Amino acid sequence: MLDTRTLPALQSAIAEAGLDGWLLFDFQGLNPVAVGLLQLHGMTTRRYFVFIPRTGAPVAITHAIEQGPWSEWPADWTKDRYSGWKPLEQLLEKHLSGKKIAMEYSPGDAIPYLDRIPAGVVEMVRSAGATVVSSADLVSRFYAVWTEAQLESHIRASKIVSRIAQEAMRMAGTRADSDPATEFEIQQWIMQQFANSNLNTIHEMIVAVGPNAANPHYEPTALNSATIRRGDILLIDLFARETDGVFADQTWMASLGTPSDRDRKVWEAVSGARKAAEDYLRAAIREKRPVKGGEVDDVSRGYIEQRGFGKYFIHRTGHSIDSRDLHGSGPHIDNFETREERLLLPGVGFSIEPGVYIEGEVGMRSEVNAYVGIDDVIITPEDFQRDLLII
């Protein structure tokens, strides 16, 4: 949150980056970074800007009819009002002309999870005389990072999610012969376990067998759900958090019976790629060597390619899990879907989840979460899946 306590560190980072300031913009919730940092309460249906200069007091540019949300804006910080578009553009020119500023903008849409400012707004700010650059590293440092309490919440959630995943796998295996469960039944059982454990989530879980698992975003429904039988490969992707906590996001794999040689090789490829990514990341952090999300993706992807499954790995290795969102605005483990060049700074978290998807046949994914500390990396859950579960 932007307040008098966080302002000095933020302005120091702005100065270190050689910027004149950071310009936050939002219109009806388009920019989660501005929404999350400002935490305004009340109706905000009009455009607003907040300029955080490298020195001096921040400036809020607010619409005249929406002053309620700004009631807690510090009295010694500037708050300008506008009604029409001409005064708005004049205020932008007054505060930004000749300055180099950061915004949630990604040149060429290299990182779409960061590219939150409409092109027209960027043009308007440039017309006011400002030079616009990306706020990528500022977002990582001041928006995406977890607090110590959030890390503890994530770890608690990860233990519960792991337990529920393994119990769901055992249930599917126990019922496979005499009373086979459907994907939808297992999904709904998981949802109920989350409720019983005081965890919340954002949408239904992925429970998929065989060819359905070859669709990375498959979701069973009451009307479209396969039966889980002996001989199937079962994928369960589940994610939940405590209230106001950080998501734990995991994918578990099981074979209901002895897996085929092909399925075992697929598992060895995805689990080995996950471990290769973890090992590379851990070595970099322990050695105090700067490491980018794209580098970790290259390592993971290279492992799978060397085993002949490269064309079946059709998504990034991992996504940001920031302090607010499951698919967050922090650095991703990606040099495939997007060009992620941000450093993995202490305090950021993300998933590591390589997968192989052979359409019409089988899909496998192995997913853990990682948190970057000062000297090491924390992998969750503590009892993460090392071997294919054979049930």
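These lines cover the structure that appears in this document, whether it is placed above or below. (Residues numbered from 1 in each chain as written. Predicted model: local features only at pLDDT ≥ 70, side-chain atom pairs only at ≥ 80, totals over all residues. Heavy atoms only, no water.)

## Focus: the overall build of the chain
Thinking step 1. Of the regular secondary structure elements, the chain holds 9 helices and 15 strands.
Thinking step 2. Against the globule reference of 21 Å for 391 residues, the chain gives a C-alpha radius of gyration of 23 Å, in line with a compact fold.
Thinking step 3. Seen along its three principal axes, the alpha-carbon backbone of the chain occupies a region of about 75 × 40 × 35 Å.
Thinking step 4. Out of the 391 residues belonging to the chain, those deemed buried represent 55%.
Thinking step 5. Excluding contacts between residues fewer than 6 apart, the proportion of contacts in the chain whose partners are at least 24 apart in sequence is 66%.
Thinking step 6. When the accessible surface of the chain is totalled, it reaches about 16600 Å², and 50% of it is carbon and sulfur.
Thinking step 7. Here the chain contributes 40 positive and 54 negative side-chain charges, whose respective centroids are spaced 2 Å apart. (Helix = DSSP H or I, 4+ residues; strand = E, 2+ residues; numbered from the N terminus. Rg over C-alpha atoms; globule rule 2.2 N^0.38 Å. Buried < 20%, exposed > 50% of the residue type's maximum accessible area, 1.4 Å probe, protein only. Contact = heavy atoms within 4.5 Å. Areas by Shrake-Rupley, 256 points an atom, 1.4 Å probe, with all protein chains shown as cover. Lys, Arg positive; Asp, Glu negative; His and termini not counted. Charge placed at Lys NZ, Arg CZ, Asp CG, Glu CD.)

## Describing the environment of Glu 148
Thinking step 1. Considering the arrangement of structural elements, one finds Glu 148 in helix 6 (residues 148-175).
Thinking step 2. With relative accessibility at 52%, the residue Glu 148 sits in the exposed group.
Thinking step 3. Each C-alpha atom, one on Glu 148 and one on Gly 347, is 8.7 Å from the other, the two residues being 199 residues apart in sequence.

## Describing helix 5 (residues 136-144)
What sets the pattern is the α-helix's 3.6 residues per turn: residues three or four places apart point alike.
Thinking step 1. Ala 136, Leu 138, Val 139, Ser 140, Tyr 143 and Ala 144 are the residues of helix 5 that are buried.
Thinking step 2. Among the structural elements, helix 1 (7-16), strand 1 (21-26), helix 2 (32-38), strand 5 (100-103) and strand 6 (131-134) are those in contact with the buried residues of helix 5.

## Digging into the environment of Lys 292
Thinking step 1. Residue placement: Lys 292 occurs in the loop between helix 8 (261-286) and helix 9 (293-306).
Thinking step 2. With relative accessibility at 33%, the residue Lys 292 sits in the partly exposed group.
Thinking step 3. Each C-alpha atom, one on Lys 292 and one on Leu 344, is 5.6 Å from the other, the two residues being 52 residues apart in sequence.
Thinking step 4. Once residues lying within four places of it in the same chain are set aside, the contact partners of Lys 292 are Glu 340, Glu 341, Arg 342, Leu 343 and Leu 344.

## A word on the pattern of salt bridges
Thinking step 1. Taken as a whole and assessed by the stated rule, the structure comprises 19 salt bridges.
Thinking step 2. Residue Glu 278 is joined to Arg 274 by a salt bridge in which the shortest nitrogen-to-oxygen separation is 2.9 Å. Here Glu 278 and its partner Arg 274 are both found in helix 8, 4 residues apart, which amounts to about one turn of the helix.
Thinking step 3. Between Arg 365 and Glu 353 there is a salt bridge, with its nearest N and O atoms 3.6 Å apart. Placement of Arg 365 in strand 12 (residues 362-365) and of Glu 353 in the loop between strand 10 (349-352) and strand 11 (355-358) is noted, with a sequence separation of 12 residues between them.
Thinking step 4. For Arg 365, a relative accessible area of 3% puts it in the buried group.
Thinking step 5. One network of salt bridges, with partners in common, ties together Arg 175, Asp 179 and Glu 185. (Salt bridge = Lys/Arg side-chain N within 4 Å of Asp/Glu carboxyl O.)

## Quick look at the pairing of strand 11
Thinking step 1. Going residue by residue along strand 11, you find Gly 355 and Tyr 357 tucked away on one face and Val 356 and Ile 358 tucked away on the opposite face as well.
Thinking step 2. Bridge count between strand 11 and strand 12: 4 bridges; the pairing is antiparallel. Its bridge partner lying in strand 12, Val 356 is registered against Met 364.
Thinking step 3. Adjacent in sequence and paired antiparallel, strand 11 and strand 12 are bridged by 3 residues, among which Gly 360 carries a positive phi angle near 80°. (Pairing = 2+ DSSP bridges.)

## Things to note about the sheet that holds strand 14 (residues 377-380)
Thinking step 1. Ordered in space as 10-13-14, the 3 strands form an open sheet in which the pairing is antiparallel. The open sheet is flanked by strand 10 and strand 14, the only strands paired with a single partner. Averaged over all neighbouring strand pairs, the angle between strand axes comes to 25°, with direction disregarded.
Thinking step 2. Sheet analysis places strand 13 (residues 368-372) next to strand 14, joined by 4 bridges and oriented antiparallel. Residue Ala 370 lies in a different strand from strand 14, and its bridge partner there is Ile 379. (Axes fitted to C-alpha atoms, helices over the stretch in contact; angles between N-to-C directions.)

## Focus: the packing of helix 6 against helix 7 (residues 183-196)
Thinking step 1. Taken N-terminus to C-terminus, the directions of helix 6 and helix 7 make an angle of 145°; their axes are 10 Å apart at the nearest point. For the pair helix 6 and helix 7, the crossing hand works out as right-handed. In this structure, helix 6 contributes Val 161, Ile 164, Glu 167, Ala 168, Met 171, Ala 172 and Arg 175 to the contact, and helix 7 contributes Glu 185, Ile 186, Trp 189, Ile 190, Gln 193 and Phe 194.
Thinking step 2. The residue inventory of the contact of helix 6 with helix 7, partitioned by class, reads 9 nonpolar, 1 polar and 3 charged. (Left-handed = near helix turned anticlockwise from the far one by under 90°. Nonpolar A, V, L, I, M, F, W, Y, C, P; charged D, E, K, R; others polar.)

## Describing the pairing of strand 1
Thinking step 1. Where burial is concerned, most of strand 1 is hidden: 6 out of the 6 residues are buried.
Thinking step 2. Of the two faces of strand 1, the one holding Gly 21, Leu 23 and Phe 25 and the one holding Trp 22, Leu 24 and Asp 26 are both buried throughout.
Thinking step 3. Bridge count between strand 1 and strand 2 (residues 48-53): 6 bridges; the pairing is antiparallel. Across the sheet, residue Asp 26 finds its bridge partner in strand 2, namely Tyr 48.

## Some details on the packing of aromatic side chains
Thinking step 1. Under the definition given, this model contains 5 aromatic pairs.
Thinking step 2. On the numbers, 5.0 Å between centres and 45° between planes, the contact of Phe 25 with Phe 49 is tilted. Linking Phe 25 in strand 1 with Phe 49 in strand 2, this pair joins segments that are 24 residues apart in sequence.
Thinking step 3. What makes Phe 25 buried here is its relative accessible area of 2%.
Thinking step 4. Taking the centre distance of 5.5 Å and the plane angle of 80° together, the rings of Trp 70 and Trp 73 count as edge-to-face.
Thinking step 5. Classification of Trp 73 as buried rests on a relative accessible area of 12%. (Phe/Tyr/Trp six-rings, centres within 6.5 Å; stacked < 30°, edge-to-face > 60°.)

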